[in-house]
Amino acid sequence: MTSDAVPPFRPDTIAVHAGVTRTAFDEMSEPLFLTQGYVYPTAAEAEAAFAGEIERYQYSRYGNPTVTMFQDRLAAIEGAESCFATATGMAAVFVSLAAILEQGSRLVAARALFGSSITVFNDYFAKWGIRVDYVDAHDNADWDRALAEPADAIYLESPTNPMQDVVDIAHVATLARRAGALLIVDNVFATPLGQRPLELGADAVVYSATKHIDGQGRVLGGAVLGGAEYVDKVRTMVRTMGATMSPFTAWVLGKSLETLPVRVRAQSAAALELAAWLDAHPKVAVARYPLLPSHPQYELAARQMTMGGTLVTIDIALPEGTDPHGPEAKAATFRFLDALRVFAISNNLGDAKSIATHPATTTHRKLGAEGRAAVGMCDATVRLSVGLEDVEDLRADLARALDAV
Ligand SMILES: *Cc1c(COP(=O)(O)O)cnc(C)c1O
């Protein structure tokens, strides 16, 4: 089965079969074309390739069959017309916007974003004369206000990291059309199995493949998906500036896509179970998870997402009168983290191995206490990435560590 045989199949089948190109050896598993370049049978064919008269592989910065297989498989899972793979998730974030913005453009972005994305917008786009306006991700009225004016692009993540705010993607998509802006959604937290931004009206989707798509903590990668015309602009920029995906990485990630639905489904089910249990635990002040009925945007999440994702964000309960941004809150939370035996202290997410992160001192350190407070984060906040271990072992690990608080 090749990618053009995909439409009648469901995501699990597509994830295993889409995009395969077999060589003359009829191998079962996807071949790894670890090559920089390609050979032309005649000088005239080389000339025709460079003149753009014929389509063929020329150089692996422009394209490689193993990378194409990964792109076609991910595009088929996402239901996107086209996909272009990049060296990292940040390369995907950068080119998804840099390929379409120019001096004088206006970008409207959600305030709660992956840290490096904010750095790209504030330290580089702003310097290049691109106006960046931020809105509160979960506040439809704030989107209405910001998009009453024309814009060129809109960029958001949903659910947000780490506070799990949910953005009404269909609403923002309607505003985007009126404002003349392209809507780009970073769908890392939800994964293609849990949320379909293109069907909700978004124009493009961005992934860090480093997270759930690899899901086994090995390689860095990224992807931009959307309409053919838009993805062509991304491809044209990346093949020149150089942040293409290596064929080895594409091979690892392409094979990982085969197990993505099974992994994400199992991890999400365990995350929901642990979230409900944590929310009721006396040593936990609050557990945030999109598909937990106590989530303030539960109805929107249930409408927009088919799975709640693999991440649970908790605040450790503190004694009355403790400053949640102070040293005692941090010390109590560190006691919890240091007592974990199955959860590893790390900053990745979506891995088969469960991970606990203290955002205030690591991933969200740069925000400062005020910036963190603005999105509802404190020193007692912990982000849990639920892996593939037995859920009872994870529950016991969390219970023991909560006792140590
Ligand atoms: C990790 C991440 C990125 C960046 O991806 P890298 O592969 O680390 O470059 C972008 N957005 C989100 C939401 C992420 O979690």
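Look a little higher up for the structure.
Report on the accompanying structure. Everything numeric in this text was worked out from a predicted model, so none of it was measured. (Residues numbered from 1 in each chain as written. Predicted model: local features only at pLDDT ≥ 70, side-chain atom pairs only at ≥ 80, totals over all residues. Heavy atoms only, no water.)

## Examining the sheet that holds strand S8 (residues 284-288)
Each strand in a sheet pairs with its neighbour through backbone hydrogen bonds, running either in the same direction (parallel) or in the opposite one (antiparallel).
Move 1: Judged by pairing direction, the sheet is mixed, and its five strands sit side by side in the order S8-S9-S12-S11-S10 without closing on themselves. Taken across any chain shown, the strands that pair with only one partner, and hence form the sheet edges, are S8 and strand S10 (344-345).
Move 2: Pairing analysis gives five bridges linking strand S9 (residues 311-316) to strand S12 (residues 381-385), with the strands arranged antiparallel. Bridge pairing links Val312 to Leu384 in S12. (Pairing = 2+ DSSP bridges. Helix = DSSP H or I, 4+ residues; strand = E, 2+ residues; numbered from the N terminus.)

## Observations regarding the packing of aromatic side chains
Move 1: As enumerated under the stated definition, the model contains eight aromatic pairs in all.
Move 2: Geometrically, the ring pair formed by Phe94 and Phe125 is tilted, given 5.9 Å between the ring centres and 35° between the ring planes. With Phe94 in helix H4 (residues 89-98) and Phe125 in helix H5 (residues 115-125), this residue pair connects regions lying 31 residues apart in the sequence. Comparing Phe94 with Phe125, the two get one shared label, buried.
Move 3: An aromatic cluster is present here, built from Phe94, Phe121, Tyr124, Phe125, Trp128 and Tyr155 joined pairwise through their rings.
Move 4: Seen from the ring of Tyr62, Arg239 lies directly overhead, with NZ or CZ sitting 3.9 Å from the centre. (Phe/Tyr/Trp six-rings, centres within 6.5 Å; stacked < 30°, edge-to-face > 60°. Buried < 20%, exposed > 50% of the residue type's maximum accessible area, 1.4 Å probe, protein only. Lys NZ or Arg CZ within 6 Å of the ring centre and 35° of its normal.)

## A few points about the site of the ligand
Move 1: Lining the immediate surroundings of the ligand are Thr88, Gly89, Met90, Phe114, Glu157, Asp186, Val188, Ser208, Thr210, Lys211 and Gly221.
Move 2: Gly89 has a polar backbone atom sitting 2.9 Å from an oxygen atom of the ligand.
Move 3: Here the ligand loses 92% of its free accessible area of 380 Å² to cover by the protein chains.
Move 4: For the shell around the ligand, the class distribution of residues is three nonpolar, five polar and three charged. (Near = heavy atom within 4 Å. Polar contact = N/O pair within 3.5 Å; in protein donor to acceptor, adjacent residues only side chain to side chain. Areas by Shrake-Rupley, 256 points an atom, 1.4 Å probe, with all protein chains shown as cover. Nonpolar A, V, L, I, M, F, W, Y, C, P; charged D, E, K, R; others polar.)

## Section: the pairing of strand S1 (residues 82-86)
Consecutive residues of a regular strand have side chains that alternate between opposite faces of the sheet.
Move 1: Buried residues dominate S1, accounting for five of its five residues.
Move 2: Because side chains alternate across S1, one face comprises the buried residues Ser82, Phe84 and Thr86, and the other comprises Cys83 and Ala85, equally buried.
Move 3: Here five bridges tie S1 to strand S7 (residues 222-226), and the two strands are oriented antiparallel to one another. Each bridged residue has a counterpart across the sheet, and for Ala85 the counterpart in S7 is Ala223.

## Looking at the packing of H4 against helix H9 (residues 228-241)
Move 1: Packing of H4 against H9 brings their axes to within 9 Å, and their N-to-C directions diverge by 120°. The angle between the axes of H4 and H9 places the two elements in the oblique class. In this structure, H4 meets H9 at a crossing whose hand is right-handed. Contacts between H4 and H9 involve Phe94, Val95, Ser96 and Ala98 on the former and, on the latter, Tyr230, Val234, Met237, Val238 and Met241.
Move 2: For the contact of H4 with H9, a count of residues per class yields eight nonpolar, one polar and no charged. (Axes fitted to C-alpha atoms, helices over the stretch in contact; angles between N-to-C directions. Parallel < 35°, antiparallel > 145°, perpendicular 65-115°, else oblique. Left-handed = near helix turned anticlockwise from the far one by under 90°. Contact = heavy atoms within 4.5 Å.)

## Concerning H9
Move 1: With 14 residues, H9 extends 20 Å from end C-alpha to end C-alpha; this agrees with the ideal 20 Å at 1.5 Å per step.
Move 2: All of the buried residues in H9 are Tyr230, Val231, Val234 and Val238. Down the axis, H9 shows its buried residues gathered within 90° of arc, on one side only. Seen from the open side of H9, the exposed residues pointing more than 90 degrees away from its buried face are Glu229, Thr236 and Thr240.
Move 3: Gly242 lies just past H9 and shows a positive phi near 105°. (Expected span 1.5 Å × (residues − 1). Arc of directions from axis to C-beta.)

## Focus on the sheet that holds strand S2 (residues 106-110)
Move 1: Spatially, S1-S7-S6-S5-S4-S2-S3 is the arrangement adopted by the seven strands of the open sheet, whose pairing is mixed. Whereas interior strands pair on both sides, the edge strands pair on one side only; in this sheet they are S1 and strand S3 (131-135). For this sheet the average axis-to-axis angle between neighbouring strands, irrespective of direction, equals 20°.
Move 2: Relative to S3, S2 runs parallel, the two sharing five bridges. Bridging from a neighbouring strand, Ala110 pairs with Val135 of S3.

Note that every value here comes from positions in space, so none of it alone points to a role or purpose.
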